[in-house]
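# Inside the fold
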Amino acid sequence: MATGWHLSPELLGRYAAGTLDLGPQAAVEAHIIVCPDCLGLASAAAPRDTLDQVWQGVVTATARPTMPWPLRFLQRLGLAETDAVILRASSSLYRPWLLSVVGAFVFGVAGSMLPAAEQRAFYLLIAPLLPAITVAAAYDSTDPIRELAVATPYSKLRIALLRTVFAVAVALPVVLVGGLVLPFVGAEAFAWLLPALTLTLLALTLLTWWTATAAAGTVAAVWLLVVVLLRTADQLAAVDTPVAQLAFATAALLALAVLTIRITSYHAPGGYT
Amino acid sequence: MGTPTDSELLRDIAAGDEAALRMLYERHAGWLLLRLNRRCGNSELVAGALQDTFVAVWQSAGRWRGEGEVAAWLWGISIRRLVSALRGRPAADPLGDDVVDAASPLVQSAEDELLLGVEYGDVGRALRSLPPELRATVQATVIDGLSTKEAAKLLGLPQGTVKSRLRVAKVRLRRSLMPARDGRI
Amino acid sequence: MSDRIAVLDGVTKSYGSAEALHPTDLEFGSGVIGLLGPNGAGKSTMLRLLATAMPPTAGRIVVGGHEVTGSVSERTAARRRLSYLPQEVGIPRRMTTFAFLDYIAVLKEWKDREARHREVIRVLGLVNLEDRRTKRVSALSGGQRRRLALAQALMGDPDLIILDEPTTGLDPEQRASLRGILSSYSERGSVLLATHQTEDVSALCDRVIILDEGRIRFDGTVPDLVALADGQVWVGAEANSGALSSWRTGNGEIRSLGGVPAPGSRLADPAVEDAYLLVRNTTDADTSAAGSTGAGASRIGEGR
Ligand SMILES: [Zn+2]
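Please read these numbers as outputs of a predicted model, since none were measured by experiment.

Across its full length, chain C carries ten helices and 14 strands. In terms of overall size, chain C behaves like a compact globule, its C-alpha atoms giving a radius of gyration of 21 Å where 304 residues would be expected to give roughly 19 Å. When its C-alpha atoms are laid out on the principal axes, chain C stretches across 70 × 45 × 35 Å. Relative to its 304 residues, chain C shows a buried fraction of 56%. A separation of at least 24 residues holds for 63% of the contacts in chain C among residues at least 6 apart in sequence. Total accessible area on chain C stands at roughly 12,200 Å², and carbon and sulfur atoms take up 48% of it.

Written out as structure tokens, the structure is:
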């Protein structure tokens, strides 16, 4: 090591070319480890193009962010990688989750504290709203890069649908499980599904005009009015009747039609043109 | 501000400094590439192992214990990445034991120390006196610091064969190196 | 490359009764086109219209042969041909630089992951942010954020690059490197940039358009623009009386634009800025007085 022995260019050349016998080769390798000068010479003797290529790989591999686990899970179920990138980019990704979980918790606690007569009305009020508001919450955060995103060719409708599906996929199980588990929920455990669909579509349609806050607020107010009216008339069970369900289905179809017109003519939810 | 040392670079990399990684790459990737090329003829596998090495360094520079040569540590990671690639499947855990193990010293026993502690010309002569299959075994275990299990994968041999060849090789090496050592110290 | 990369045909934009852009006809070919004008002149409005970020009140806009003002599919086709850097981009702070560009690349229809990531790394290198690739936006400086926003506009191979004040927040070195990048693009397509910096225009632009109050005041080459100020710039011991602007230069002399030449002063070579001020003031009588204070008056800044 401290012998003053160093790699000659000739020896290094033969090492790089792979024409050295194993003995000298081992000596070269052992020396490189301990001698920074010869280490530098050896590094300079390596093919530059290969090194550049490998470096590009290193740069990409170290920069690539990992997908959050819910998205990795969805990818395993068939979600396209590009769609996962879109969902990851919405900083609102965690908001629907948070909203649903907190919402369900508050709902469970508050619901069980209410007098029995009000519990059904309470469930009927909250359950259909949760998906609609979750969807609206998923939109607000598109704003920061909206100006930029709008000038790209990617379908804004697809972005909207991705966010919607994701938000609903999060909110739906929470409410469903809540409905089945909570002791004060009876026949309404499923009766709210159609109203939920209607309110979600209504929220989406309003989102093509308004901000998320305004759209969510309006939907919530409308539904609150409906539930209060039903409760005052003591007609809560009416929600579960075929007539009422048909009415919800009709309203949902209507909202869908308006939404389709809005999207094809001018706007997608979230204010994209 | 002078040129940072390897350990300073590793400290910066552990703190998330991309420029430090680039500097470490500029310094070490070249000789690692040459040396990997001496171990495996498949340039794609070699490039992959080299890339994995620096990705592993980025993710786990903080696990370097600050003992010994950084160069030796890097080689330890590289050769194990190459072994993983040869195995035909990536290491299950990208930050697996490889990185930690790689910090284990290059020289493992008194015999091995003897081997590397002498003049290089003597090692060369001693190695040359071995038949090729024994030389390859010595290279993989003593010089590259692989376990017999890893060496078996690199060489495509059963573990038992590697062990027995290594035993024979060490006996022979000691015999041919002893006189040289006595004369020197 | 077609001579007509983008076309504005009778385009107007109004907000209620306020006209942000008066009826405008323009054609853009390849090269770098500079858009000069004070704040509120309609520069951003024109750029946003071309970038399809908002629809015009009236008129027709065509980009890369596709009608922006047409159907959704035509607009989408036009968007495939352009890239856009808005004046302000609020990049989510929690995103890393790489993740942000990766997202925009997906929006720009880069489907293959490997190719997309290569492109992201390429543009990160172009704006000198490769060594910040794992950092969150919140950890970046203002200039770095601006460069990150710029990087997304350099992705792919667009026909039309629309940049709203790309050089704000960049240091001189970065500005020079941006000029290099843009001039290499201009051989293939059209780069349209709004700027306050007359130096950018003289260094980079093949064509200058001066906008004021939603109207085009000048449209021509840089030499044509500078020629407007021929015989109007004087240097001497005293300021010209009635000068549009005057200030003390580095060597202690006073440089005046327009007005009656002071005794002993001599003619000097005009710069883009002189011509810009002239164009602005010949059509804008009310602002000309403001600039013509006496000797030692500070240099007229950008816009109002
Ligand atoms: Zn040396």
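That was the structure; now back to the text.
If you tally the helices and strands in chain A, you get 14 helices and zero strands. Mapped from its N terminus to its C terminus, chain A presents α and β elements in the order α-α-α-α-α-α-α-α-α-α-α-α-α-α. With the model as given, the accessible surface of chain A reaches about 12,300 Å², and the carbon-plus-sulfur share is 72%.

What follows is about helix H9 (residues 148–155) of chain B. Buried within H9 of chain B we find Glu150, Ala151, Ala152 and Leu154 of chain B. Immediately downstream of H9 of chain B, the backbone of Gly156 of chain B shows phi near 70°, a positive value.

With respect to the helices and strands, the residue Glu18 of chain B is situated in helix H2 (residues 18–37). When near neighbours in sequence (up to four residues on either side) are disregarded, Glu18 of chain B contacts Trp58 of chain B together with Asp131, Arg132, Arg133, Thr134 and Lys135 of chain C.

What follows deals with the interface of chain A and chain C. On the side of chain C, 40 residues touch chain A, which itself brings 32 residues to the contact. Here chain A and chain C share an interface that buries about 3,300 Å² over both sides, 62% of which is from carbon and sulfur atoms. On the chain A side of the contact with chain C, Glu147, Leu148 and Pro153 of chain A bury the most area, a combined 20% of that side's loss. Inspection of the chain A/chain C interface yields five salt bridges.

The next point concerns helix H1 (residues 43–50) of chain C. Taken across its eight residues, H1 of chain C has six buried, putting it largely inside the fold. Within H1 of chain C, the full set of buried residues consists of Lys43, Thr45, Met46, Leu47, Leu49 and Leu50 of chain C.

Taken as a whole, this structure holds 31 salt bridges over all chains when the rule is applied. Among the ionic pairs, Glu29 of chain A bridges to Arg39 of chain B, the shortest N-O distance being 2.6 Å. Of this pair, Glu29 of chain A sits in helix H2 (residues 22–34) while Arg39 of chain B sits in the loop between H2 and helix H3 (43–60), placing the two residues on different chains. Judged on exposure class, the residue Glu29 of chain A and its partner Arg39 of chain B are both buried. Here Glu119 of chain C makes a salt bridge to Arg122 of chain C, at a shortest N to O gap of 2.8 Å. Taken together, the residues Glu119 of chain C and Arg122 of chain C, both in helix H4 (residues 113–126) and three residues apart, mark about one turn of the helix.

The partner chain A presents 35 residues to the 33 residues of chain B that form the contact. A combined buried area of about 3,100 Å² lies between chain B and chain A, and 70% of that area is made up of carbon and sulfur atoms. For the pair chain B and chain A, the interface holds three salt bridges. For the interface between chain B and chain A, the tally reads nine residue pairs in polar contact (both at pLDDT 80 or more). Within the residue set of the side of chain B that touches chain A, elements represented by two or more residues are H2, H3, helix H4 (70–86), helix H7 (120–128) and helix H8 (132–143) of chain B. Among the elements that take part in the side of chain B that touches chain A, H2 of chain B stands out by supplying twelve residues, more than any other. Counted by class, the side of chain B that touches chain A contains 18 nonpolar, five polar and ten charged residues.

Residue and element names in this part refer to chain C. In terms of burial, strand S3 (residues 31–36) is a largely internal element, six of the six residues being buried. Burial of S3 is two-sided: the residues Gly31, Ile33 and Leu35 facing one way and the residues Val32, Gly34 and Leu36 facing the other way are all buried. Bridge count between S3 and strand S9 (residues 207–212): four bridges; the pairing is parallel. Looking at the pairing, Leu35 lines up with Ile209 of S9.

The next thing to look at is a nonpolar patch on the surface. The grouping of Leu98, Val102, Phe105, Val106, Val109 and Met113 of chain A at the surface amounts to a nonpolar patch, some 640 Å² of accessible area in total. Along the polypeptide, Val109 of chain A turns up in helix H7 (residues 94–113).

Quick look at the sheet that holds strand S5 (residues 66–67) of chain C now. All names here are of chain C. Across the sheet, four strands lie side by side as S2-S1-S4-S5; this open sheet has antiparallel pairing. Here the strands that pair on one side only, and so sit at the sheet edges, are strand S2 (18–28) and S5. As judged from the two bridges shared by strand S4 (residues 58–63) and S5, these two strands associate in the antiparallel manner. Residue Val62 lies in a different strand from S5, and its bridge partner there is Glu67. Where H1 meets the sheet, it contacts strand S1 (6–15), S2 and S4, and its direction lies at approximately 60° from that of S2.

Here we take up the confidence of the model for chain A. Within chain A, residue pLDDT values average 80, and 85% of them lie at 70 or more. When mean pLDDT is compared element by element in chain A, helix H4 (residues 48–63) of chain A scores highest at 95, while helix H11 (residues 188–191) of chain A scores lowest at 66.

Time to look at the packing of aromatic side chains. Evaluation of the coordinates by the stated rule reveals four aromatic pairs over all chains. Look at Trp55 of chain A and Tyr25 of chain B: their rings are 4.9 Å apart centre to centre, the planes differ by 45°, and that puts the pair in the tilted class. With one member in each of two chains, Trp55 of chain A in helix H4 and Tyr25 of chain B in helix H2 form a pair that bridges those chains. Both rings, one in Trp64 of chain B and one in Trp73 of chain B, keep their centres 6.3 Å apart while their planes meet at 55°; by these two values the pair is tilted. Relative accessible area serves as the criterion here: at 14%, Trp64 of chain B is assigned to the buried category.

With that settled, the discussion passes to unusual backbone geometry. All names here are of chain C. A positive phi angle, near 65°, is found at Thr52, a position not held by glycine. In this fold, Thr52 is placed in the loop between H1 and S4. By relative accessible area, which is 3% here, Thr52 ends up buried.

The next subject is the domain arrangement of chain C. Residues and elements named next belong to chain C. Looking at the assigned domains, one finds that chain C contains domain 1 (1–81 + 158–229 + 283–304), domain 2 (90–157) and domain 3 (231–269). In this assembly, 19 residues from domain 1 lie in contact with twelve residues from domain 2. Contact with domain 2 buries area across many residues of domain 1, yet Pro158, Ile181 and Tyr185 alone supply 34% of it, more than any other trio. If you look at where domain 1 meets domain 2, you find two salt bridges. At the junction of domain 1 with domain 2, the criterion picks out five residue pairs in polar contact (both at pLDDT 80 or more). Listed by contribution, the elements that provide at least two residues to the side of domain 1 that touches domain 2 are strand S7 (160–164) and helix H6 (172–185). Tallying contributions element by element places H6 first for the side of domain 1 that touches domain 2, with six residues. Of the residues assigned to the side of domain 1 that touches domain 2, the class counts are nine nonpolar, four polar and six charged.

Thresholds applied
- Residues numbered from 1 in each chain as written.
- Chains lettered and ligands numbered in written order.
- Predicted model: local features only at pLDDT ≥ 70, side-chain atom pairs only at ≥ 80, totals over all residues.
- Heavy atoms only, no water.
- Helix = DSSP H or I, 4+ residues; strand = E, 2+ residues; numbered from the N terminus.
- Rg over C-alpha atoms; globule rule 2.2 N^0.38 Å.
- Buried < 20%, exposed > 50% of the residue type's maximum accessible area, 1.4 Å probe, protein only.
- Contact = heavy atoms within 4.5 Å.
- Areas by Shrake-Rupley, 256 points an atom, 1.4 Å probe, with all protein chains shown as cover.
- Buried area = accessible area lost by both parts, 1.4 Å probe.
- Salt bridge = Lys/Arg side-chain N within 4 Å of Asp/Glu carboxyl O.
- Polar contact = N/O pair within 3.5 Å; in protein donor to acceptor, adjacent residues only side chain to side chain.
- Nonpolar A, V, L, I, M, F, W, Y, C, P; charged D, E, K, R; others polar.
- Pairing = 2+ DSSP bridges.
- Patch = residues over 30% accessible without salt bridge, like charges linked within 9 Å, V, L, I, M, F, W, Y side chains within 5 Å.
- Axes fitted to C-alpha atoms, helices over the stretch in contact; angles between N-to-C directions.
- pLDDT = per-residue confidence, 0-100.
- Phe/Tyr/Trp six-rings, centres within 6.5 Å; stacked < 30°, edge-to-face > 60°.
- Domains from an automatic or database assignment.

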